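Each chain, letter by letter, is given below.
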Amino acid sequence: MYQALYRKYRPQTFSDVVGQKSVTDTLRAQLETGRLSHAYLFTGTRGTGKTSCAKILAKAVNCEHPVNGNPCNQCAACRGIDDGTVLDVVEIDAASNNGVDNIRALRDEAIFSPASVKKRVYIVDEVHMLSVPAFNALLKILEEPPEHLMFILATTELHKVPATIKSRCQQFSFKRILPGQIAQRLEYVAGQEGIDLTAEGAALLARLADGGLRDALSLLDQCAGYSDTVDVPQVLEALGLAGNVETARLLELLAQGRTADALETLGRLYAAGKELRSLLGELSALVRDLLIRKTAPQGGSALLTGGYDEHTLRSLSELLPPARLLQMLTILQATAADLGRSANPRTDVELCLIRLCDATLDGSTVGLTARLERLEQRIEHGVSVAPADPAPRHAEKTVEQAHSAG
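### What about the pattern of salt bridges?
Side chains that carry opposite charge are capable of pairing whenever their charged atoms lie near each other.
Move 1: Scanning the entire structure with this criterion turns up 16 salt bridges.
Move 2: With a shortest N-O distance of 3.8 Å, D210 and R176 are connected by a salt bridge. With D210 in the loop between α9 (199–208) and α10 (213–226) and R176 in the loop between β5 (170–174) and α8 (179–193), this residue pair connects regions lying 34 residues apart in the sequence.

Take a look at the structure:
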């Protein structure tokens, strides 16, 4: 039976863990010196290695022949923990076992010595989901744990964990994995699996994963099932991101001030079932990427959301200066925030696009700054600034005449 890549290539030793060197080095040093804590709290975003490190730590403390702080993965204890036959190492999902009765049952059985290994280990995933009474019940055993007991708590939302629990644990923060490290791991896995993954495809998948290696491997799995070659076009097609081409085209129309074409594109996307909030979100993400490229050209590539090729980003960057991008992003964010309270969301989005096409319709400070920057660029490049339209001048004169007549 086929096994998902993120499961097949789950780290088996601390040396296999990608992008968390400070965490793994500290845990290995504690294991080698025997200075282990009775409770650990692993925090960080999804897919960064919290549960994997918890399982490796559970194996390492029970391993019969550890190697430099790593489990050997060959002894009976390591094999039993891997296949789930060692009942003294228990993984609990706090999202579905969050009641006080669950924790009381755990507390009652935790006092017994382990049957087949050195330490009884409880891995509590998503610990922030526990109820207040459950946290209080857990606190009791964390205060005075038996010598044979170890708790490893993992959470993606540290702010929801009570301070009384945090203070009794050694806390390790798992950082988002850098895109370069993710891409390198993807290329290794692709080589092992015989997947034709290009360097550009790996880089795009790494950016789309948003710092999570598990997400990156799942995306690679999905793309490999769609096409024999995993390159940028195939990634966009397999992940349903080909619509980003439409988003980029719409932004190009907005940058060129082609209001009628922009509204026609919006109407076509709306008729095809495109959600308006989603469209604004995609435009915001693209404008944000362009703004980061403009303001942080050296190190900003690691901050990009992904989904757009280099040629598209470069072409749009040439059309939009930073002040204009800032103005567009401000309008998009404000419109998206108000869309939920709107009586007619489509009209609001149309008004948003009209304002984005014509900077003169935005009287805010950001809008005025964008217009001034555009005038400065035109003067700097020797482009003549067209005189003001005579119609408003005539209207102003008429107003003056009306005042004189009054």
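### Let's talk about helix α14 (residues 276–295)
Move 1: In a regular helix each residue adds 1.5 Å, so 20 residues correspond to 28 Å; α14 covers 28 Å between its end C-alpha atoms and thus fits that length.
Move 2: All of the buried residues in α14 are L276, L279, L280, E282, L283, S284, L286, V287, D289, L290, L291 and I292.
Move 3: Taken together, the buried residues of α14 touch α12 (244–255), α13 (259–271), α15 (310–319), α16 (322–338) and α17 (345–357).
Move 4: Between the side-chain oxygen at the start of α14 and the backbone nitrogen of R277 there is a gap of 3.3 Å, and the oxygen is on E275.

### A word on the packing of helix α2 (residues 21–33) against helix α3 (residues 50–62)
Move 1: Relative to each other, α2 and α3 sit at 15 degrees, their axes nearing to 11 Å. As far as their axial angle goes, α3 and α2 are roughly parallel. Crossing angle aside, the handedness with which α2 passes α3 is right-handed. Only C53, L57, A60 and V61 of α3 make contact with α2, whose side of the interface consists of T24, L27 and L31.
Move 2: A class-by-class count of the residues in the contact of α2 with α3 yields six nonpolar, one polar and no charged.

Reading the values: the criteria
Residues numbered from 1 in each chain as written. Predicted model: local features only at pLDDT ≥ 70, side-chain atom pairs only at ≥ 80, totals over all residues. Heavy atoms only, no water. Salt bridge = Lys/Arg side-chain N within 4 Å of Asp/Glu carboxyl O. Helix = DSSP H or I, 4+ residues; strand = E, 2+ residues; numbered from the N terminus. Expected span 1.5 Å × (residues − 1). Buried < 20%, exposed > 50% of the residue type's maximum accessible area, 1.4 Å probe, protein only. Contact = heavy atoms within 4.5 Å. Polar contact = N/O pair within 3.5 Å; in protein donor to acceptor, adjacent residues only side chain to side chain. Axes fitted to C-alpha atoms, helices over the stretch in contact; angles between N-to-C directions. Parallel < 35°, antiparallel > 145°, perpendicular 65-115°, else oblique. Left-handed = near helix turned anticlockwise from the far one by under 90°. Nonpolar A, V, L, I, M, F, W, Y, C, P; charged D, E, K, R; others polar.

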